[in-house]
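# Structural description and commentary
Spelled out, the chains give:
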Amino acid sequence: MLPDAVAYLRCPHCGDDLVLAERVLRCPRGHAFDVARQGYASLLRGAATFTGDTAAMVDARVAFLGAGHYDPIARALTAVEPGPGCVVDLGAGTGHYLAAVLDARPGRVGLALDASKNALRRAAKAHPRIGAVVCDAWQPLPVRTDAAGLVVNVFAPRNPAELHRVLAPGGTLVVVAPTAAHLGELVSALDLLSVGADKQDGIDDKLAAHFTPVDRRLVEFRMELPHRDVEALVGMGPNAFHDASALPGRIAALTEPVAVTGSVSVTSYSPG
């Protein structure tokens, strides 16, 4: 656990500050949390409602993102200027996008927040300025109030009230969400989950009590994917939780490489 990251954390039970000593995070009231040998800390308050990505999903994510197919998304995130404070990635997964943001912002510290221990083992090593923390997005986040100058949320759950609390005045929340065109070729060919045309409206509505959209960009790009990367793409997302017994045959029937459209909205919000 990066010591500089601890300065932005708080105890999930009482909200007090945490200090790091001998791979244990402690608060003044005696709550203690071990730092795993892989470098992440679990700051869950009670049992998680969702345990996040499986080991197989994490392996697929590392393979697909490592091949650079989603680099246009990373570049869009690095273009956002953060306010004072750390960078928080809620639903950080393996820390891929957070690492890209930190590479573009020397001196910044990042907090990778996720429910998956499997993913955070990777996130803890994704960048030397990342602190990786297991938490539940639907519970109070173990992050100090007004700690973040930038909050990143890529294809992940959002807790509007908590995001507003941890974001400093003058900071920015950036939400990346798929459009109805995202992976459209695979949705039809492989019978994958589809994205509704009103998804962005739904996100704006849920955030409206705490955030105001100030900028929105459509990021679209073309990918030419070998079958192994199509398999990784399907296996790293929500489709991995559904019956995949028919997928290998369907993927094998596709012309290789497979032309696939990436289409996401990148929306910046200011705290209201």
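Residues numbered from 1 in each chain as written. Predicted model: local features only at pLDDT ≥ 70, side-chain atom pairs only at ≥ 80, totals over all residues. Heavy atoms only, no water.

## Topic: the environment of Ser42
Examined against the element boundaries, Ser42 turns out to sit in strand β4 (residues 40-42). Along the chain, Ser42 and Met223 lie 181 residues apart, while their C-alpha atoms are 36 Å from each other. If near-sequence neighbours (up to four positions away) are discounted, Ser42 is found in contact with Phe33, Asp34 and Val134. (Helix = DSSP H or I, 4+ residues; strand = E, 2+ residues; numbered from the N terminus. Contact = heavy atoms within 4.5 Å.)

## A few points about the sheet that holds strand β11 (residues 258-271)
If you walk across this open sheet you meet the eight strands as β4-β7-β6-β5-β8-β9-β11-β10, and the pairing is mixed. Because the sheet does not close on itself, it has two edges, and the strands there are β4 and β10 (211-225). Each strand of the sheet is rotated relative to its neighbour by a mean of 20 degrees, with strand direction disregarded. The sheet contact formed by strand β9 (residues 167-178) and β11 spans six bridges and is antiparallel. Along β11, the bridge assignment pairs Ala177 with Ser265. Strands β9, β10 and β11 of the sheet are contacted by helix α8 (residues 199-207), whose axis makes an angle of about 155 degrees with β9. (Pairing = 2+ DSSP bridges. Axes fitted to C-alpha atoms, helices over the stretch in contact; angles between N-to-C directions.)

## A short note on the sheet that holds strand β2 (residues 24-26)
Taken in spatial order, the three strands line up as β1-β2-β3 in an open sheet, and their pairing is antiparallel. Because the sheet does not close on itself, it has two edges, and the strands there are β1 (19-21) and β3 (32-34). Taken pair by pair, the neighbouring strands of this sheet meet at an average axis angle of 25 degrees, ignoring direction. The pairing of β2 with β3 spans three bridges and is classified as antiparallel. Within β3, the position partnered with Val24 by the bridge is Asp34.

## A few points about the pairing of β9
One face of the sheet, then the other: side chains in a regular strand alternate in exactly this way. With ten of twelve residues buried, β9 is to be regarded as a mostly interior element. Note: strand β8 (residues 148-154) against β9, six bridges, orientation parallel. Each bridged residue has a counterpart across the sheet, and for Asn153 the counterpart in β9 is Val175. In this fold, β8 hands off to helix α6 (residues 160-166), which returns the chain to β9; that crossover is right-handed. (Buried < 20%, exposed > 50% of the residue type's maximum accessible area, 1.4 Å probe, protein only. Right-handed = clockwise from strand over helix to strand, strands pointing away.)

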